[in-house]
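Breakdown of the fold
Take a look at the letters that make up each chain.
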Amino acid sequence: RDRKYNYLCTMKRLYFILLAVVMIACNQHDKKLIADAENMLQNNPDSALLLLNKVKNLGRMGDADVAKYWLITAHAHALTGLALSEDSAITFALDFYRQQQPVDSAALRKAQTFASSYYWWTEQPEKAKKLMKASLEESKKSGDKQEQLLVLHGMAELAILENDMDDAEFYVEELLKQDGGDKNHADLLNSLALMYYYHGN
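Anyway, here's the lowdown on the structure attached to this text. (Residues numbered from 1 in each chain as written. Predicted model: local features only at pLDDT ≥ 70, side-chain atom pairs only at ≥ 80, totals over all residues. Heavy atoms only, no water.)

1. Here we look at the packing of aromatic side chains
The following threshold applies: Under the pairing criterion, centres of Phe, Tyr and Trp rings, with the six-membered ring standing for Trp, must be within 6.5 Å; the plane angle then separates stacked pairs below 30 degrees from edge-to-face pairs above 60, leaving the rest tilted. Think of it in three bands: with a 1.4 Å probe and only protein chains considered, a residue is buried below 20% of the maximum accessible area for its type, exposed above 50%, and partly exposed in between.
All told, the structure shown has six aromatic pairs when counted by the stated rule. Considering the side-chain rings of Tyr69 and Trp70, the 4.9 Å spacing of their centres and the 85 degrees angle between planes classify their relative orientation as edge-to-face. Residue class for Tyr69 comes out buried when judged on its relative accessible area of 10%. Trp70 sits in the partly exposed class, given a relative accessible area of 26%. Judged by centre distance (5.4 Å) and plane angle (50 degrees), the ring pair of Tyr118 and Tyr119 falls under tilted. The same class applies to Tyr118 and to Tyr119, which are both buried.

2. Examining the pattern of salt bridges
Where we set the bar: We define a salt bridge as a side-chain nitrogen of Lys or Arg found within 4 Å of a carboxyl oxygen belonging to Asp or Glu. Secondary structure counts use DSSP, requiring at least four H or I residues in a row for a helix and at least two E residues in a row for a strand, with both numbered from the N terminus.
What the rule picks out here adds up to seven salt bridges. The closest approach of N and O atoms between Glu38 and Lys68, which form a salt bridge, is 3.1 Å. Residue Glu38 is located in helix 1 (residues 2-40), and its partner Lys68 is located in helix 3 (residues 63-79); the two are separated by 30 residues in the primary sequence. Assessed through its relative accessible area of 27%, Lys68 is described here as partly exposed. One network of salt bridges, in which partners are shared, links Glu126, Lys129 and Glu162.

3. Structural notes on helix 2 (residues 45-52)
The condition that has to hold: What the arc covers is the set of directions going from the helix axis to the C-beta atoms.
Restricting attention to buried positions, one finds in helix 2 the residues Pro45, Ala48, Leu49, Leu51 and Leu52. Down the axis of helix 2, the buried set is contained in an arc of 160 degrees. They therefore lie on one face.

4. A look at the nonpolar core
Put simply, the test is: What we call a nonpolar core is a set of buried Ala, Val, Leu, Ile, Met, Phe, Trp, Tyr and Cys residues that are connected through their side-chain atoms within 4.5 Å. We call two residues contacting when some pair of their heavy atoms lies within 4.5 Å.
Core analysis: the biggest nonpolar cluster contains 37 residues, and Leu71, Ile90 and Tyr97 have the highest contact counts within it. Elements represented by at least two residues in this core include exactly helix 3, helix 4 (90-99), helix 5 (105-121), helix 6 (125-142), helix 7 (145-161), helix 8 (165-179) and helix 9 (186-198). Not counting chain neighbours up to four residues away, the residues in contact with Leu71 comprise Ile90, Ala93, Tyr97, Ala107, Lys110, Ala111 and Phe114. The next biggest cluster of nonpolar side chains, apart from the first, holds 15 residues, and it includes Leu49, Leu51, Tyr69 and Ile72.

5. Digging into the layout of surface pockets
Our working definition: Buried and open spaces are told apart on a 1 Å grid over the protein atoms alone, a cavity being a set of points where a 1.4 Å probe fits but cannot get out and a pocket being an open set with protein on both sides within 12 Å along at least five of seven lines. Residues with an atom within 4 Å of a point are the lining residues. Grid points are joined across faces, edges and corners, and a volume is the space filled by probe spheres set on the points. The residue classification treats Ala, Val, Leu, Ile, Met, Phe, Trp, Tyr, Cys and Pro as nonpolar and Asp, Glu, Lys and Arg as charged. All others, Gly included, are polar.
Space inside the largest pocket adds up to approximately 790 Å³. In terms of lining, the largest pocket is formed by 30 residues, of which the most central are Ala78, Leu79, Phe114, Leu150 and Val151. Of all the secondary-structure elements, those providing two or more residues to the lining of the largest pocket are helix 3, helix 5, helix 6, helix 7 and helix 8. Residue contributions to the lining of the largest pocket peak at eight residues, all from helix 7. Its residues assigned to classes, the lining of the largest pocket comprises twelve nonpolar, 13 polar and five charged. Of the pockets and cavities examined, the second largest pocket occupies roughly 230 Å³. Glu38, Leu71, Ile72, Ala107 and Lys110 are the residues nearest the centre of the second largest pocket, which is lined by 15 residues in total. Mapped onto the lining of the second largest pocket, the elements with two or more residues apiece are helix 3, helix 4 and helix 5. Here the lining of the second largest pocket takes five residues from helix 3, the largest share from any one element.

6. Some points on the packing of helix 3 against helix 5
Angle between the axes and distance between the axes: these two values describe a pair of packed helices. Worth spelling out the cut-off: For helices, the axis comes from a line fit to the C-alpha atoms of the stretch in contact; other axes are also lines fit to C-alpha atoms, and the angle between any two N-to-C directions lies between 0 and 180 degrees. Here is the rule for angles: anything less than 35 degrees is roughly parallel, anything more than 145 is roughly antiparallel, 65 through 115 is roughly perpendicular, and the remaining ranges are oblique. The sense of a crossing depends on the near helix, which, turned anticlockwise from the far helix by less than a right angle, makes the crossing left-handed and, turned clockwise, makes it right-handed.
Where helix 3 meets helix 5, the closest approach of the two axes is 10 Å, and the angle between their N-to-C directions is 55 degrees. Taken together, the axis directions place helix 3 and helix 5 in an arrangement best described as oblique. Crossing angle aside, the handedness with which helix 3 passes helix 5 is left-handed. Along its contact with helix 3, which presents Leu71, Ala74, His75 and Ala78, the element helix 5 presents Ala107, Lys110, Ala111 and Phe114. Class assignment for the residues of the contact of helix 3 with helix 5 results in six nonpolar, one polar and one charged.

7. A word on the side chain of Lys129
As for its position among the elements, Lys129 is in helix 6. By relative accessible area, which is 19% here, Lys129 ends up buried. Dropping the residues within four chain positions of it, Lys129 is found in contact with Leu158 and Glu162.

Rendered as structure tokens:
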């Protein structure tokens, strides 16, 4: 009986050791998928999303990896022109980067930008504006022009959506000034023209 008991205990320990080895291997594979998705994000966001969809063990990963996963996912959705209304988990990433020490300023600014887009898509304009303004200020401090343009475009769109003429004018003009002209912003200019028309101007 003792020999049988010892054998069962040994097998149980081996099982848990094997399980731990398998879990570590799975986590390493998932981390590589996330890193590869991040590397191809700018040039091929569709392929980045396909890689992210292959991650299987997100619930067993650390908060840093989970936050990175949701940040890249939201970024890929934005780059492919998809609505961020289903990206509620970006708020997890935002909370993580706010509390992280030392602060990863670039990741925090991105999380603010995409969380504001999520709030915008889910019709929470006040939360969206608050995050956009914070993100814009930090983008100016960092000197990241592309980030500034992204946030300004979002703020202009939100002002137009709310029929806020003053903010719409201000952010569209600021965007054109920063981007060196109107070549990339016909959609905003058309929307602003319609606002002028309906306001009798």
